[in-house]
Amino acid sequence: MKTVKDWVKDLVRPEVMALSAYHVPETGRLLKLDAMENPWALPDALRAQWLQVLESVQINRYPNPAAPTVKAGLRKMMGLSSQYELLLGNGSDELIQLVAMALAKPGASVLSVEPSFVMYKMIAQFLGLQYHGVALTEDFALDRETLLAAIKTHQPALVFLAQPNNPTGNLFDATIVEEIIAVTPGLVVVDEAYLAFTDSDALPLLDRHPNVLIMRTLSKVGLAGLRLGILAGAPEWIREIDKLRLPYNINVLTQASAAFLLDHYDTFREQTARLRAARTDLIQALRVLPLERVWPSEANFVLVRAPAGEARAVFEALKKSGVLIKCLDGAHPLLKDCLRITVGTPQENQQMLAALEKSLID
Ligand SMILES: Cc1ncc(COP(=O)(O)O)c(C=O)c1O
């Protein structure tokens, strides 16, 4: 008789069998500096008002699939021109998936740079799309010639560029980004997940290029638990992609919370400004430690290179001291010996720095 294992092996698509699931570590009581979350909770007064809003939410009813109040709040916060539409996702992860599904014609390919956000590749692979990853240069800049050649060869239907990039923390050269958009025969999604931590803004690209969509998220500014991703662009694109969205993807609690909190967005502006200041202090303090390299950052995390061969040991030592960061050694050749540290509160950063210093000296 066929076992469950046999059934699964016979029926599940081989590209799914070959994937490893996205790994989220157990955190327990560890200080979480691994996932680019905002460390500050809502201020007490705002939290009290928010809880009152939640009291009136009707969880026995389906959500409004069009989420008009949330969209109005987002438009205002983003300063989005009325000629563009919004599509909301259960996190921007879902939007990456929806865009890729919409363009997944037989033989179509997705192109991105590496190292970058791993979901671009994972989603392409699980949808059965070909994926091409073009390596960044040693200092994580766009490798212009190689990229333009790869686009010419592979003719991708979809290109993802994270601006600033994760896990490297840098902004790509805006002129090269526009050159890529100009030569790409497909759609270019500029992913601004870390927009709140930089002065760059890719939204004006929509006015200049019909093959661009801008993706954002509320996750990094302080609302990771809500799961609200944002895709902005021409209505012609949004209308088609929206057909693939499951109607109730943004639940009632998320809608009520986002609508209310977008009216109080100054709180998040103030918190992200504090994080930017904490990032400057953190980078300065890291530069004094015996690390191989500390890269500048336009995001709410800092990438560092540990002394050769020591990244894993440093990661484990920090974990033992109660601090969780991200070990990227082995994730890509350019990330050899690298660790990614999310910017926390000044106190959390001090705690992490003390543990890091100890692990580097021991
Ligand atoms: C570049 C980039 N895009 C998108 C995401 C996903 O964000 P969300 O929480 O909106 O799914 C991340 C998360 O780390 C990211 O780094």
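Residues numbered from 1 in each chain as written. Predicted model: local features only at pLDDT ≥ 70, side-chain atom pairs only at ≥ 80, totals over all residues. Heavy atoms only, no water.

**Student:** Looking at this structure, I do not really get the side chain of T198. What am I missing?
**Tutor:** The topology assignment puts T198 in the loop between β6 (187-191) and α9 (205-208). Among the residues examined, T198 registers a relative accessible area of 6% and is labelled buried. One polar contact links T198 to E298, side chain to side chain, over a distance of 3.0 Å. Setting aside anything within four residues of it in sequence, one finds T198 in contact with P164, L171, R276 and E298. (Helix = DSSP H or I, 4+ residues; strand = E, 2+ residues; numbered from the N terminus. Buried < 20%, exposed > 50% of the residue type's maximum accessible area, 1.4 Å probe, protein only. Polar contact = N/O pair within 3.5 Å; in protein donor to acceptor, adjacent residues only side chain to side chain. Contact = heavy atoms within 4.5 Å.)

**Student:** Is there a simple way to explain the site of the ligand in this structure?
**Tutor:** Taken together, 14 residues lie around the ligand, and S92, D191, Y194, T217 and S219 are the ones closest in. At 2.5 Å from a nitrogen atom of the ligand is found a side-chain nitrogen or oxygen belonging to D191. In the model, an oxygen atom of the ligand is placed 2.7 Å from a nitrogen or oxygen of the Y194 side chain. When isolated, the ligand has an accessible area of 400 Å², and the protein chains bury 93% of it. Contributing elements (two or more residues each) for the shell around the ligand: α5 (92-103) and α10 (219-223). (Near = heavy atom within 4 Å. Areas by Shrake-Rupley, 256 points an atom, 1.4 Å probe, with all protein chains shown as cover.)

**Student:** I would appreciate a short explanation of helix α13 (residues 266-288) in the present structure.
**Tutor:** In an α-helix there are 3.6 residues to a turn, and that puts residues three or four apart on one side. Along its 23 residues, α13 runs 34 Å from first to last C-alpha, staying within 8% of the 33 Å computed at 1.5 Å per residue. Among the residues making up α13, those that are buried are T267, F268, Q271, T272, L275, A278, R279, L282, I283 and L286. (Expected span 1.5 Å × (residues − 1).)

**Student:** Would you mind showing me how to read the pattern of salt bridges here?
**Tutor:** Following the criterion strictly, the structure yields 16 salt bridges and no others. One salt bridge in this structure joins R227 and D93, with 3.6 Å as the shortest N-O distance. Here R227 is found in the loop between α10 and β8 (229-233), whereas its partner D93 is found in helix α5, with 134 residues between them in sequence. By relative accessible area, R227 is classed as partly exposed at 28%. Taking the relative accessible area as the measure of exposure, D93 reaches 27% and is therefore partly exposed. The residue E270 makes a salt bridge to R274 at a minimum N-O spacing of 2.8 Å. Of this pair, E270 and R274 both sit in helix α13, four residues apart, roughly one helical turn. A relative accessible area of 40% places E270 in the partly exposed class. Look at the salt bridges and you will find they share partners, linking K32, D34 and E37 into a network. (Salt bridge = Lys/Arg side-chain N within 4 Å of Asp/Glu carboxyl O.)

**Student:** What's the story with the side chain of S116 in this structure? I'm lost.
**Tutor:** Mapped onto the fold, S116 is located in the loop between β3 (109-114) and α6 (118-126). Here N165 takes part through its side chain, which lies 2.7 Å from a polar atom of the side chain of S116.

**Student:** How should I be thinking about the domain arrangement of the chain in this particular structure?
**Tutor:** For interface size, the figure often reported is the accessible area lost on association. Entries for the chain in the domain assignment read domain 1 (4-43 + 267-361) and domain 2 (59-262). If you average the C-alpha positions of domain 1 and of domain 2, the two centres end up 23 Å apart. If you look at the interface, domain 1 gives 31 residues, while domain 2 gives 32 residues. For the pair domain 1 and domain 2, the summed buried area comes to about 2,600 Å², and 65% of that belongs to carbon and sulfur atoms. Looking only at domain 1, the three residues that lose the most surface to domain 2 are F268, E298 and L334, adding up to 24% of its buried area. Linking domain 1 with domain 2 are one salt bridge, by the criterion used here. Measuring nitrogen to oxygen at the nearest pair gives 3.0 Å for the salt bridge that ties R276 to D199. Between domain 1 and domain 2 we count seven residue pairs in polar contact (both at pLDDT 80 or more) in total. Those elements that provide at least two residues to the side of domain 1 that touches domain 2 are α13 and β10 (301-305). Element by element, the count of residues in the side of domain 1 that touches domain 2 is highest for α13, at seven residues. (Domains from an automatic or database assignment. Buried area = accessible area lost by both parts, 1.4 Å probe.)

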